[in-house]
Structure formats: structure tokens, C-alpha cells
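# Examination of the molecular architecture
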Amino acid sequence: MGGDLKDFLRQAAMQVGAGGSAGFVEVCIMHPLDLVKTRLQLQAKPGTAAAKTGTYYNGVFDCIRKMARSEGFFSLYKGILPPVLVETPKRAVKFLTFEQYKRFFLFGADKPTPLTFSLAGLGAGVTEAILVNPFEMVKVTLQANKNKVGQVPSTWAVTRQIIHESGFGLNGLNRGLTATIGRNGVFNMIYFGFYHSVKGFLPEYEDPVEEFLRKVGIGFVSGTLGSIVNIPFDVAKSRIQGPQPVPGQVKYKSTFGSIATVYREEGFAALYKGLTPKVMRLGPGGAIMLVVYDYVYEFLENYFKH
């Protein structure tokens, strides 16, 4: 019994260490694209009154150019503190819970199946979403602010303001929770399900460079597929957590209600706003996370053995 517990704790420590490292590296590299995605998702349809109230962005590079010019270059890192603070424990939780859910969803089989990987990913995504949603709420609020970097309130000031005005509940710091659950659950279901199923199907290479490229390729496709499928939930999340079109009136409240409103008023394509920067981030970002996780986990495993 003692040996089993020791083995479990060692495995958990390796999963936490590898997952935390993967999350930290990914967010430091890819955060500007996450910010651009949020700005594109928040803006209204061209020609509407809401679209005329501020700067309109005509795509990823136009958004980067206009932000750098009007808000300063480092505006591309607005809202980075909440994800930096949360990404290490968030990714640690993601990979740790994925491994535990994987055991639960074996359904008596000797080894995991694609269904096992997908359901474990879904469970990990839901768990992750519940933990990180307050940080997402603060991050989106900061990313929506179009003032120059020096004029943007601090992370702590925004957090205190949200709590003071709306509390901790579903109208306050946990606003948009169901949309975050939908976004993260769907993404991780596809992300883990595709990556581990295809990685197990395609033969490994003995050459370390070829093996590295194999993992990067599978991780890139996994992140891209997950991003394409889950983005309507992401758009709903940004609309719910971001500033409402009319101050004092809550237009975007429920997840599916927000999706229906965006579709009705702006068309089907609006549900895919921000897809380009999202794929640009989570395609390579997904590859970075899984590859860093695999290599750090392997390093820790060898370290514990010796």
C-alpha cells in the first residue's frame, strides 16, 4: 500500500511539474495573439453604432499595428499577469486530472482507447475551467481596455473593482463560467483525444529530431482542430465577460443565448471571430504545450529513477 501511494505521488509530482512548465512557456510566447483574438471577438459588426464608438480592427495584423501605434508596443501584453499566475497551476491541473480521468474511463480495457482519451480530456477541461474562470474574467476586462499601457488599471485594481461591484458569483468574478466550461471542455476533448490517439497510431522515430517533429505536427493539428470546433463558446465567453454594448444593460448573459444573439444580429461568420489569431496561438501553442510536457515528464521520470 505504501509503495502504491509513493508511486502515485511521484507520478502526480511529475505530471504537475511537466504541466506547469508547459503552461508557463506557452503563455509567455503566445499571449499577444490571445489578446488580439479577444479584441476581434469583442468588436461589433462594421457599420453598427457600437462599431463606430472605438477603433475598428480589420484583422490580426491590423489590430497589432493599431494597438502598437495608439496604445504602445507593450499593450500587446495587457492582461498577461492573470494567465501567468494561473497558467502554471492551470496546466498542472489539466495534465494531472487528465491522467486521473484516463484511469476512470478505461471501462475495463487493458489500455486507453480514443474514447478514453476524449472523455478524460473533457473531464480535465471542465475541471480546468472551473478553476481558471475568475482569472479569465479579469484578463478579458484588461484586454478590452483600449487606454495606453500606463493608464490601464492594475490586475489587482480590476479584480477588486469586479468584486466590489458584482461580487464573486455568476454575475461577478465567475461571470461566463458556463461558456468557459464549454470552451475548455470541447477543446480538451478534441485536443487530448486526437493527440494521444494519433500519437499511438503513428510509429515513433528513432532519430530525436524526426521524433520531435512528429510530436510537434500532431500537437499542432490537435490545437488547430480544438480551436476551430470550440470557438463559438469562446466568442460567447468574450461577449459575456467583456464590456456590454450599452452601459448598464446586460445584453450577453447566457452561453447559448449569446451565441444565438451573435448569430441573429451579425451572422454565422461572427461566431468565428478571432479564429485566425486563435489558431495562430493554439495551433503552435498546443504543440508547444504537449511537446514540452512530454519532454519535461521524460526528464523528471529519468531523474526520479536515478
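Thresholds applied
Residues numbered from 1 in each chain as written. Predicted model: local features only at pLDDT ≥ 70, side-chain atom pairs only at ≥ 80, totals over all residues. Heavy atoms only, no water. Helix = DSSP H or I, 4+ residues; strand = E, 2+ residues; numbered from the N terminus. Rg over C-alpha atoms; globule rule 2.2 N^0.38 Å. Buried < 20%, exposed > 50% of the residue type's maximum accessible area, 1.4 Å probe, protein only. Contact = heavy atoms within 4.5 Å. UniProt positions renumbered as here; feature names shortened; annotations may be inferred. Axes fitted to C-alpha atoms, helices over the stretch in contact; angles between N-to-C directions. Parallel < 35°, antiparallel > 145°, perpendicular 65-115°, else oblique. Nonpolar A, V, L, I, M, F, W, Y, C, P; charged D, E, K, R; others polar. Salt bridge = Lys/Arg side-chain N within 4 Å of Asp/Glu carboxyl O. Phe/Tyr/Trp six-rings, centres within 6.5 Å; stacked < 30°, edge-to-face > 60°.

Attention shifts here to the overall build of the protein chain. Secondary structure assignment for the protein chain yields 9 helices and 0 strands. For the protein chain, the α and β elements follow one another from N to C terminus as α-α-α-α-α-α-α-α-α. The C-alpha atoms of the protein chain give 20 Å as radius of gyration, which agrees with the globular expectation for 306 residues (19 Å, within 12%). Each of the three principal axes of the protein chain carries a C-alpha extent, and together these read 60 × 40 × 40 Å. Residue burial in the protein chain is summarised as follows: out of 306 residues, 48% are buried.

A separate point is the environment of Leu202. Turning to its location among the elements, Leu202 is positioned in the loop between helix H6 (177-201) and helix H7 (208-241). Those residues in contact with Leu202, other than ones at most four positions away along the chain, are Arg214 and Ile218.

Our focus in this paragraph is the UniProt feature "repeat: Solcar" (unreviewed entry) in the protein chain. In the numbering used here, UniProt assigns the "repeat: Solcar" (unreviewed entry) feature to residues 10-104, 112-201 and 210-299. Secondary structure over residues 210-299 splits into 77% helix and 0% strand, and the C-alpha atoms at its two ends are 19 Å apart.

Before going further, it helps to examine the packing of H6 against H7. At a minimum axis separation of 8 Å, H6 and H7 run at an interaxial angle of 170°. On the basis of the axis angle, H6 is roughly antiparallel to H7. Grouping the amino acids of the contact of H6 with H7 by side-chain chemistry returns 15 nonpolar, 9 polar and 6 charged.

Across all of its chains, the model carries 22 salt bridges by this definition. Here Glu266 ties to Arg239 by a salt bridge, and the two come within 3.0 Å at their closest N and O atoms. Of this pair, Glu266 sits in helix H8 (residues 255-266) while Arg239 sits in helix H7, and the two are 27 residues apart along the sequence. In terms of burial, Glu266 and Arg239 fall into one category: buried. Several salt bridges share partner residues, and in doing so they unite Glu26, Asp34, Lys37, Glu136, Lys139, Arg183, Asp234, Lys237, Lys278 and Arg281 into one network.

Here the focus is unusual backbone geometry. Look at Phe107: it is not a glycine, yet its phi comes out positive at around 55°. In this structure, Phe107 sits in the loop between helix H3 (81-104) and helix H4 (114-144).

For the rest of this paragraph, the subject is the packing of aromatic side chains. Per the stated rule, a full pass over the model turns up 14 aromatic pairs. Ring centres 4.0 Å apart and planes at 10° place the aromatic pair Phe95 and Tyr293 in the stacked group. Highlighted residues: Phe95 in helix H3 and Tyr293 in helix H9 (residues 275-305), separated in sequence by 198 residues. With relative accessibility at 1%, the residue Phe95 sits in the buried group. Using a relative accessible area of 6% as the deciding quantity, one classes Tyr293 as buried. For the pair Phe233 and Phe256, a centre-to-centre distance of 5.9 Å together with 75° between the ring planes defines the contact as edge-to-face. With Phe233 in helix H7 and Phe256 in helix H8, the pair connects residues that are 23 residues apart, well separated along the chain.

Its place among the elements puts Thr38 in helix H1 (residues 2-42). Judged by relative accessible area, Thr38 falls into the buried class, the value being 1%. Not counting the four nearest positions on each side in its chain, Thr38 is found in contact with Val140, Gln143 and Ser238.

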